[in-house]
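Coordinate analysis (summary)
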Amino acid sequence: GDIVVTENVSTAIKAFGMTFRKSAATEMDAFGNAWITTLVSTRLNGPPGVGRRTGNLARSFKSRVTDSALLNAVVLDVQPEGPGSEYANLQEFGGTIRPVKAKNLWIPIAGNLTPSGTARISPREAIAQGGFFAKGVFFGRALTKNKVPQRSQHLGGSGYKGAEFKRGENITPLFVLKKSVRVEGRMGASALWAQSIPVLTNRLDALATRMFSSTGGA
């Protein structure tokens, strides 16, 4: 949205023209990058915001400042792009995830999660190494020697697509299958932006005051 400026800034824009706009662009660029740092550290690093997994979303935010002749204004553009940007709206506003090409979403659980919460193996890899379905859960061979929830031993026999399990072989739940998953928006970028804008307004106002002082103006 538009950045509302003080009367002091409006006067400086008229008095100093491009000189003020260039200095304002520098202030806005510094603000944009500082805002991204705050967003990443407070809202993309675990509760109460979004948990960090791959880090793609955190790295996707970029800040750019341009002097637009079309708008006759200095424009600050802070938004996600590239890998991770596709998740931004979902994490900000929430939504329902449904499978596109498969019948179900395969949600990694229990013995298929790293300490950071990412999947150790994909559904394709899990099926390839052998497993079986039970009550909407795909069980497979234990991926680590560490103790995990619901880890047990197979009684021996066949699994999905002919996979054979020996009696006593360690197995654990790897995926739960869902038709859809509801994600609640927890990023809070919009609220953080609204809270931070007064900081930029004050910085631009201080810039205008400095320029007037250096020229002996009012």
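The structure displayed is predicted, hence computed values, not measured ones.

One pass over the structure, following the stated rule, counts 12 aromatic pairs. Between Trp-106 and Phe-175, the ring centres sit 5.4 Å apart and the planes meet at 70°, which makes this aromatic pair edge-to-face. Highlighted residues: Trp-106 in strand E4 (residues 105-108) and Phe-175 in strand E10 (residues 170-178), separated in sequence by 69 residues. In this structure Trp-106 comes out as partly exposed when scored by relative accessible area, which is 22%.

The next subject is the pairing of E10. The buried fraction of E10 amounts to 7 of the 9 residues, a majority that puts the element mostly inside the structure. Pairing between strand E6 (residues 137-141) and E10: 5 bridges, direction antiparallel. Bridging from a neighbouring strand, Phe-139 pairs with Pro-173 of E10. As paired strands, strand E7 (residues 152-153) and E10 are joined by 2 bridges and run antiparallel to one another. Each bridged residue has a counterpart across the sheet, and for Ser-152 the counterpart in E10 is Ile-171.

What follows is about helix H6 (residues 189-215). Under the 1.5 Å per step criterion, the end-to-end length of H6 is 39 Å for 27 residues, consistent within 8% with the ideal 39 Å. The sharpest bend along H6 reaches about 30° and sits at Ser-196, with the proline Pro-198 one to four residues further on. Ala-189, Leu-192, Ser-196, Ile-197, Leu-200, Thr-201, Leu-204, Leu-207, Ala-208, Met-211 and Phe-212 are the residues of H6 that are buried. Its buried side turned inward, H6 meets helix H1 (7-16), helix H2 (18-43), strand E2 (73-80) and helix H4 (88-93). Following H6 by one or two positions, Gly-216 adopts a phi angle in the positive range, close to 75°.

Scoring rules and cut-offs
- Residues numbered from 1 in each chain as written.
- Predicted model: local features only at pLDDT ≥ 70, side-chain atom pairs only at ≥ 80, totals over all residues.
- Heavy atoms only, no water.
- Phe/Tyr/Trp six-rings, centres within 6.5 Å; stacked < 30°, edge-to-face > 60°.
- Helix = DSSP H or I, 4+ residues; strand = E, 2+ residues; numbered from the N terminus.
- Buried < 20%, exposed > 50% of the residue type's maximum accessible area, 1.4 Å probe, protein only.
- Pairing = 2+ DSSP bridges.
- Expected span 1.5 Å × (residues − 1).
- Bend = angle between axes of the 7 residues up to and from the residue.
- Contact = heavy atoms within 4.5 Å.

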